Amino acid sequence: MSRLVSVGAIALLAISCSKTVTTVTSEDQTSGTDALLIAVSPVNDVVVWASGSKGTWIRTTNGGGTWVTGQVAGAESLQFRDVHAVDSLTAYLLSIGNGPDSRIYKTTDGGTSWALQFTNPDSAAFFDCFDFWDAQRGIAISDAVNGETVMITTADGGSTWTRTPAADLPPALEGEGSFAASGTCVIARPGGKAWVSTKGRVLMTSNYGNKWSVTDLPITHGGAAGIFSLAFRDAQFGAAFAADGAAEPKATDTLLVVSVDGGVTWAPRPNPPLKSGAWAGAHIPGLRRSTLMAVGPSGAVWSADDGMTWNTIDTLNYWGLGALGPGQIWAVGREGRVTKITLQVK
């Protein structure tokens, strides 16, 4: 049984299941921009960064009560499809595009100034997303070039970015690339583990990218369809979410697969109830039951059983999702949309 109550900009959804009541609170916030927001990176319950089109970044240091917005000088025409926040002052941005439009910027003063750390030197490369193991070590992935996987890493906080030799990476398939949909096609975890999604495969490392393996996923892919987002609960349980950037997926498509062995093998789960597919997914830590959330241009949904069953939160337009805990979930989307979502389990 469900009950939806709207109070101003806040919607409350209560669902009773097996004597467990989960309350979902979604609160629209004022971002101060009309730009498309694509990626979001929460640091804690008060500090969150997000990024998007028109060279835009936004930041809150009070849990979304107020947001500061800005544009990176010289990058006003670029789309920042990924952001990684370290703290209230330090964050990285990754822009997409062929050749020099793919860039990485860093701020250490809360966005007052941005240092250009990397400009893509290859006119055929197109960087999609990045992630960091810690404040110093990071990884970024590009679409393949001439049958080679293109990847760069840093071990000094982005002062230098070095391309990984192609011989140390799995060969690319024809036309292989990642989807720059929400900044979640690369997941890095402490200790050197990382997973990189392409259209239908996942590359894996356990030693900071010194050695990689690759596996095919039983998920719908091809053309503009494929894995848009990865989410890992821990070193073993992961979820891969698929969508189609050109059309609504068909009911027969497989849009969610999960792994319980760190990404070695994957099995299908019921598709999240999103007409557009999931453009971003996340595991929500800190709850008694293992919980996933997914968002896309047709709304937000959540699952309290690792994707076996799904519940709808809303039908708004989202691109990006970030979560640190049940009270620290942020979704972003078109026209500067920022929504704070809270889950409570009793």
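One structure accompanies this document, and this report is about it. (Residues numbered from 1 in each chain as written. Predicted model: local features only at pLDDT ≥ 70, side-chain atom pairs only at ≥ 80, totals over all residues. Heavy atoms only, no water.)

**Re the overall build of the protein**
The following threshold applies: Put simply, DSSP H or I for four residues or longer makes a helix, DSSP E for two residues or longer makes a strand, and each gets a number counted from the N terminus. As a reference, a globule follows 2.2 Å times the number of residues to the power 0.38, and the radius of gyration itself is taken over C-alpha atoms. Using a 1.4 Å probe on the protein chains alone, a residue whose accessible area is under 20% of its type maximum counts as buried, one over 50% counts as exposed, and one in between counts as partly exposed. By definition in these notes, contact holds between two residues if any of their heavy atoms fall within 4.5 Å. Exposure was quantified through the Shrake-Rupley algorithm and a 1.4 Å probe, taking into account, for residues, occlusion by the shown protein chains and nothing else. Positive charges are assigned to Lys and Arg, negative charges to Asp and Glu, while His and the chain termini are left out of the count. Note on charges: their place is set at NZ of Lys, CZ of Arg, CG of Asp or CD of Glu.
Across its full length, the protein holds 0 helices and 30 strands. In summary, the protein has a C-alpha radius of gyration of 19 Å against a globular reference of 20 Å for 346 residues, a match within 12%. Out of the 346 residues belonging to the protein, those deemed buried represent 58%. Taking as baseline every contact in the protein between residues at least 6 positions apart, the subset at least 24 positions apart corresponds to 46%. As displayed, the protein offers around 13,600 Å² of accessible surface, 51% of which is attributable to carbon and sulfur atoms. Of the charged side chains in the protein, 24 are positive and 29 negative; the average position of the first set lies 7 Å away from that of the second.

**Quick look at the layout of surface pockets**
Quick note on the threshold: Residues are called lining when one of their atoms sits within 4 Å of a cavity or pocket point, these points coming from a 1 Å grid over the protein atoms alone, where a cavity is a set in which a 1.4 Å probe fits but cannot get out and a pocket is an open set with protein on both sides within 12 Å along at least five of seven lines. Grid points are joined across faces, edges and corners, and a volume is the space filled by probe spheres set on the points.
Put simply, the largest pocket is a space of about 680 Å³. Forming the walls of the largest pocket are 32 residues, and the residues nearest its centre are Asp-131, Ile-187, Arg-189, Ala-323 and Leu-324. For the lining of the largest pocket, the secondary structure elements donating two or more residues are β4 (37-42), β8 (80-85), β12 (127-132), β16 (186-189), β20 (225-232), β24 (280-284) and β28 (320-325). Quantified by volume, the second largest pocket comes out at close to 220 Å³. Lining the second largest pocket are 15 residues; nearest its centre among them are Phe-126, Asp-128, Ser-178, Phe-179 and Ala-180.

**Some details on the nonpolar core**
The criterion, for reference: Nonpolar cores are built from buried Ala, Val, Leu, Ile, Met, Phe, Trp, Tyr and Cys residues. Side-chain atoms within 4.5 Å join them into one set.
Grouped together as the largest cluster of nonpolar side chains are 18 residues, with contacts concentrated most on Met-293, Leu-321 and Ile-329. Breaking this core down by element, the ones donating at least two residues are β24, β25 (291-296), β26 (299-303), β28, β29 (328-332) and β30 (338-345). Apart from the residues lying within four places of it in its own chain, the contact partners of Ile-329 are Ile-284, Met-293, Leu-321, Gly-322, Ala-323, Thr-339, Lys-340, Ile-341 and Leu-343. If you look at the next biggest cluster of nonpolar residues, it comprises 15 residues, including Val-145, Val-150, Trp-161 and Ala-180.

**Observations concerning the side chain of Asp-314**
The condition is simple: By convention in these notes, a salt bridge is any Lys or Arg side-chain nitrogen within 4 Å of a carboxyl oxygen on Asp or Glu. What qualifies as a polar contact is a pair of N or O atoms within 3.5 Å, subject to a donor-acceptor requirement within protein and to the restriction that residues adjacent in sequence count only when both atoms come from side chains.
Tracing the sequence through the fold places Asp-314 in strand β27 (residues 311-314). No salt bridge is formed by the buried Asp-314; the nearest opposite charge belongs to Arg-337, separated by 6.6 Å. At a separation of 3.2 Å, a polar atom in the side chain of Asp-314 contacts the main-chain amide nitrogen of Leu-316. Those residues within four positions of Asp-314 in sequence are excluded, and the remaining contacts are Ser-26, Ser-298, Gly-299 and Ala-300.

**Observations regarding the state of the cysteines**
In a disulfide, the sulfur atoms of two cysteines are covalently bonded to one another. The cut-off we apply is this: The definition used for a disulfide is geometric: two cysteine sulfur atoms within 2.5 Å.
Across all of its chains, the model carries 1 disulfide by this definition. Sulfur-sulfur distance for the disulfide between Cys-129 and Cys-185 comes to 1.7 Å. With the S-S dihedral at roughly -100°, the linkage between Cys-129 and Cys-185 falls on the left-handed side. You can see Cys-129 sitting in strand β12 and its partner Cys-185 sitting in the loop between β15 (162-163) and β16, a full 56 residues away along the chain. By relative accessible area, which is 0% here, Cys-129 ends up buried. The class for Cys-185 is buried, based on a relative accessible area of 0%.

**Details of the sheet that holds β25**
As a general point, the strands of a sheet are linked pairwise by backbone hydrogen bonds and lie either parallel or antiparallel. Rules: Pairs of strands are assigned from DSSP output, requiring at least two bridges between the strands. The axes used here are C-alpha line fits, helices contributing only the stretch in contact, and every angle between their N-to-C directions lies in the interval 0 to 180 degrees.
Reading across the sheet, the 4 strands line up as β24-β25-β26-β27 and stay open at both edges, with antiparallel pairing between neighbours. Edge positions in the open sheet fall to β24 and β27, since each of these has one partner strand only. Sheet twist, expressed as the mean angle between neighbouring strand axes with direction ignored, is 25°. As judged from the 5 bridges shared by β24 and β25, these two strands associate in the antiparallel manner. Paired with Ala-282 across the bridge in β25 is Met-293.

**Remarks on the sheet that holds β8**
As summarised here, the arrangement of the 4 strands in space is β8-β9-β10-β11, forming an open sheet in which the pairing is antiparallel. What marks the edges here is a single partner per strand, and that holds for β8 and β11 (115-119). Adjacent strand axes in the sheet meet at a mean angle of 20°, parallel and antiparallel pairs treated alike.

**Focus: the pattern of salt bridges**
The final tally for this structure, using the stated rule, is 7 salt bridges. The residue Asp-306 makes a salt bridge to Arg-233 at a minimum N-O spacing of 2.9 Å. Taken together, the residues span a long stretch of sequence, with Asp-306 in the loop between β26 and β27 and Arg-233 in the loop between β20 and β21 (238-244) at a distance of 73 residues. Overall, Arg-233 belongs to the partly exposed group, its relative accessible area being 32%. Lys-250 is the partner of Asp-253 in a salt bridge, and the nearest nitrogen-oxygen pair spans 3.7 Å. Under the relative-accessibility criterion, Asp-253 is labelled buried at 13%.

**A look at empty space enclosed by the protein**
Basically, it comes down to this: Here the term charged refers only to Asp, Glu, Lys and Arg, the term nonpolar to Ala, Val, Leu, Ile, Met, Phe, Trp, Tyr, Cys and Pro, and the term polar to all other amino acids, Gly among them.
On inspection of all chains with the given rule, the structure shows 2 cavities of 30 Å³ or more. Space inside the largest cavity adds up to approximately 50 Å³. Broken down by element, the lining of the largest cavity gets its largest block of residues, 4 residues, from strand β13 (residues 138-145). Grouping the amino acids of the lining of the largest cavity by side-chain chemistry returns 3 nonpolar, 5 polar and 2 charged.

Purely geometric stuff here, so don't read any function into it on its own.
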